[in-house]
Amino acid sequence: GANHEPIDPVRFIGNRSSGKMGYAIAYEALLRGATVTVITGPAEVQPPVQSTVIQVQTAQEMHDAVMERLPTADVIIGAAAVSDYRVDNPATQKQKRNGSGMHLDLTENPDIIAAVGAGKKPSQLVVGFAAETNDLIANAQSKLKKKNLDMIVANTVGTENSGFGAETTDARFLLADGSIEEHPIMKKSELAEKLMTRIVDLLVSKAD
């Protein structure tokens, strides 16, 4: 899902993530017998009831929850649309309209999946997501390498059939060995199934 970064007690900055992709992945993992923890921001849909659900609001809360549980995880999938920025010193009271507009100072949030990639053990598998409006493959390849991921799911956002809130997605799987798998527009549940199959293959390879 998304993050909500407070401006004041009644306003926030956020993004359009619905949580549908992440929850589809969690459900598919449960079907395959995994023990699943879902660390989620506000979302439009409900997470699978069989999972352990950790509700958060901000990117910092999400970061802390992920890092706390990282040592015991076999697979970490960063499907959330984490807020890149937070508001400096959010107001403690509702800010009233005064006719002169509002100026917000923003600070970068921690890059959660990069922190996971930097701290992962050799036995752990880390999968990231890259939601892009342009230069899909190039941007995803850069993130794959920079964040020390085993795999990244690059998906197009901002179109009718792919992106936040849509039931379908247009995605590519990029692996650390340089290979790219094309997965044109399909239901997010179908992509989750293909993703979990690929993750199982990678886990088997790590174990060999």
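These notes cover the structure that comes with them. All figures in this text were calculated on a predicted structure; none of them were measured in a lab.

Some words on the pattern of salt bridges
Any two side chains of opposite charge can pair, on the condition that their charged atoms come close. All chains considered together, the criterion is met by twelve salt bridges. For K20, the salt bridge is made with E167, and the minimal N-O distance between the two is 2.7 Å. In this pair, K20 sits in helix α1 (residues 20-31) while E167 sits in the loop between β9 (151-156) and β10 (168-175), placing the two residues 147 residues apart along the sequence. Relative accessible area serves as the criterion here: at 55%, E167 is assigned to the exposed category.

Comments concerning the nonpolar core
Counting residues in each nonpolar core, the largest one holds 24 residues, and the members touching the most others are M151, V153 and L195. Every element with two or more residues in this core is listed here: α1, β8 (125-132), β9, β10 and α5 (188-207). For this core, the element with the highest residue contribution is α1, accounting for seven residues. When neighbours within four sequence positions are excluded, V153 is seen to be in contact with V127, G128, F129, A130, A171, R172, F173, L191 and L195. One finds A65, I113, V126 and L174 within the second-largest nonpolar core, a separate group that totals 20 residues.

Some details on the packing of α1 against α5
Helix-helix packing: each pair is described by the crossing angle between the helix axes and the interaxial distance. The N-to-C vectors of α1 and α5 enclose an angle of 50°; their axes lie 8 Å apart at closest approach. For the element pair α1 / α5, the angle class is oblique. Relative to α5, α1 is oriented so that their crossing is right-handed. From α1, K20, M21, A24, I25, E28 and A29 reach across to α5, where they touch K188, S189, L191, A192, E193, L195 and M196.

Overview of the sheet that holds strand β5 (residues 75-78)
Ordered by their spatial adjacency, five strands build an open sheet running β5-β8-β9-β10-β11, and the pairing between neighbours is mixed. With one partner strand each, in any of the chains shown, β5 and β11 (180-187) form the two edges of the open sheet. Taking the axes of each pair of neighbouring strands and ignoring which way they run, one obtains an average angle of 20° across the sheet. Here β5 runs beside β8; their pairing, made up of four bridges, is parallel. The residue of β8 that forms the bridge with V75 is L125. Against the sheet, helix α3 (residues 112-119) contacts β5 and β8, and its axis sits at roughly 155° relative to β8. Seen against the sheet, helix α4 (residues 136-146) touches β8, β9, β10 and β11 and runs at an angle of roughly 155° to β9.

Cut-offs used in this document
Residues numbered from 1 in each chain as written. Predicted model: local features only at pLDDT ≥ 70, side-chain atom pairs only at ≥ 80, totals over all residues. Heavy atoms only, no water. Salt bridge = Lys/Arg side-chain N within 4 Å of Asp/Glu carboxyl O. Helix = DSSP H or I, 4+ residues; strand = E, 2+ residues; numbered from the N terminus. Buried < 20%, exposed > 50% of the residue type's maximum accessible area, 1.4 Å probe, protein only. Core = buried A, V, L, I, M, F, W, Y, C linked by side-chain atoms within 4.5 Å. Contact = heavy atoms within 4.5 Å. Axes fitted to C-alpha atoms, helices over the stretch in contact; angles between N-to-C directions. Parallel < 35°, antiparallel > 145°, perpendicular 65-115°, else oblique. Left-handed = near helix turned anticlockwise from the far one by under 90°. Pairing = 2+ DSSP bridges.

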